[in-house]
Amino acid sequence: MAGSSKGNFRELISPFLREKISKLTTRYGENDLRTKAIINQYVKSPLEDIIHPSERLRHYESEINIDFDGAPLIGVERLYRRTVLIEPTTACAAHCRWCLRGQYPIKTMQYDDIERAARYIGSSNLRDDVNEVLITGGDPLLSTSHLNHTLAMLTKHADNVKIIRMGTRVPFQDPYRINDNMLAIFNRYRHFRFELGLNINHPIEFWPECILAIKKLKEIGMVFYNQHPLLKNVNDDFKTLVELYDYLRQHGIEAHYLFHAIPMRGMGHHRTSLHKGLSLISEISACGEFSGRSKPRFAVLSDIGKIVLYHGTILDVRVKERLVLLKSYFKLEDRLKWNPSWKQPSSVMIDSDGTLLTWYLDGSDDRLNDQTTLYQDVNLHLDVELEHDGSPKEKSNFDL
Ligand code: SF4
């Protein structure tokens, strides 16, 4: 379950993945990079006990904590204009060790909560803006009853919703769940445009059973995209990423985002430096190894949402603390309009034009000295005055 009541994110590996790990170990040995690519994603490591003081139990806060129709709204999040997120169940087929939601409290929506969420999404305050729902969790394909109820309630109460996205790893963690029952549910609600957001990290994951699951979903009109973290000793090399994006292209899966792995508690060993990610994405973006139609954007999941790294996005750096200040074009007034209960995180500053800037904890790799080269061309154009060490002159309430 992507969720933990006491910060103990237990190991959970589906029987399908266990069998694959066993076969990879027999065939290639446990130290082979293909075997390690799966082991490092799912097997709990003693390194998780090494905790950097700035790592978190939670990443960004986007829950809408309000009452609606006389009761608290449960399991609904929003950061952006067009999209609202629902989390019907927090259960997953396997636990990905670095998961953003791994150490969130366990919550499961009751059927009444789901109906209230659908009424909220279809309400007069939202219906002109919201046309897309992201069903996530946990994994929304793990409970067909919750999935069916969510789609039924959105159909009944929120006809402004045209696109349903679902974030899932089920086709690659437990592909036999993509069965006739699940396909019938999707067929029942074909008035939605369905998109599946996958999280495939390594080309070895394209096992025949998974390819078949994708094929079945494609036959009923499902559209796919992949967004995945850059993980140390899983996919943090050019050759692996080239092969991965080439496979995605072959199987009709859009390569959407390559994320910098987030600073979740005890997961530092999975994180590379931003410098490494930027080097890899530069190489990938400008190479001729595979189709340009399959080249992702490199983004950071910051406290205020996704920020794609372009020239000028990194405004400042505190090398000693491994912190970088990121420029976004999210606006405070929009954020509060779309999520009335949103609270400004302590890592966030407001620029003079009302846009949000946020400090972000970098990862590290073996070439720690490279941290400085990343920031050589940092373009300081902040509207806040900085001290000589780069910290804001006006006292920041930054406290990771
Ligand atoms: S990444 Fe997805 S499937 Fe993996 S633990 Fe997190 S929510 Fe579950």
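To start, this report covers the structure provided alongside it. (Residues numbered from 1 in each chain as written. Predicted model: local features only at pLDDT ≥ 70, side-chain atom pairs only at ≥ 80, totals over all residues.)

1. Considerations on helix 1 (residues 15-28)
Given 3.6 residues per helical turn, the α-helix brings residues three or four places apart onto the same face. Stated precisely, the cut-off is as follows: For the purposes of this entry, the term helix denotes a DSSP run of H or I that reaches at least four residues, the term strand denotes a run of E that reaches at least two, and both are numbered from the N terminus. Each residue after the first adds 1.5 Å to the expected span of a helix. Three exposure classes are used. Buried residues have 20 or more other C-beta atoms within 10 Å of their own C-beta, exposed residues have 12 or fewer, and partly exposed residues fall in between, all C-beta atoms being placed from the backbone. Of all possible arcs, the one meant is that of the directions from the helix axis to the C-beta atoms. In this description, any two residues whose backbone-derived C-beta atoms lie within 7 Å of each other are considered to be in contact.
Its 14 residues place the ends of helix 1 20 Å apart at the C-alpha level, agreeing with the 20 Å of an ideal helix rising 1.5 Å per residue. Those residues of helix 1 that fall on the buried side of the exposure criterion are Phe16, Leu17 and Lys20. For helix 1, the angular spread of the buried residues around the axis is 90 degrees, confining them to a single face. In helix 1, the exposed positions that point more than 90 degrees away from the buried face belong to Pro15, Glu19, Ser22 and Thr26. Each element contacted by the buried residues of helix 1 is listed here: helix 2 (33-42) and helix 5 (170-173).

2. A word on the sheet that holds strand 11 (residues 305-308)
Rules: Any two strands with at least two DSSP-identified bridges between them are counted as paired.
Overall, mixed pairing links the nine strands, which are arranged 3-4-5-6-7-8-9-10-11 in an open sheet. Of all strands in the sheet, those bounded by a partner on one side alone are strand 3 (76-77) and strand 11. Of the pairings in the sheet, the one linking strand 5 (residues 132-135) to strand 6 (residues 163-167) comprises four bridges and is parallel in character. Residue pairing for strand 6: valine 133 is matched across the bridge by isoleucine 164.

3. Some details on the sheet that holds strand 15 (residues 355-361)
Note the threshold: To obtain each axis, a line is fitted to C-alpha atoms, and for helices this fit is confined to the stretch in contact; angles are then taken between N-to-C directions over 0 to 180 degrees.
Pairing is antiparallel in the open sheet, where four strands are placed in the order 12-13-15-14. At either margin of the open sheet sits one strand with a lone partner, and together these are strand 12 (314-318) and strand 14 (348-350). Strand after strand, the sheet turns through a mean of 30 degrees between neighbouring axes, direction not considered. As paired strands, strand 14 and strand 15 are joined by three bridges and run antiparallel to one another. Directly across from valine 348, in strand 15, lies its bridge partner threonine 358.

4. Comments concerning the pairing of strand 4 (residues 83-86)
Bridge analysis of strand 3 against strand 4 gives two bridges, and the strand direction is antiparallel. Residue pairing for strand 4: glutamate 77 is matched across the bridge by leucine 85. Between the end of strand 3 and the start of strand 4, which pair antiparallel, lie five residues.

5. Concerning the pairing of strand 11
Here four bridges tie strand 10 (residues 297-302) to strand 11, and the two strands are oriented antiparallel to one another. By the bridge assignment for strand 11, leucine 301 is matched with lysine 306. Counting the residues that bridge the hairpin from strand 10 to strand 11 gives two residues.

6. Overview of unusual backbone geometry
Glycine 137 connects to glycine 138 through a cis peptide bond whose omega is 10 degrees. Within the fold, glycine 138 resides in the loop between strand 5 and helix 4 (144-157). Positioned with a positive phi, asparagine 233 is a non-glycine residue whose angle comes to about 60 degrees. Locating asparagine 233 in the fold gives a position in the loop between strand 8 (223-230) and helix 8 (238-250).

Bear in mind that shape data such as this cannot, by itself, settle questions of function.
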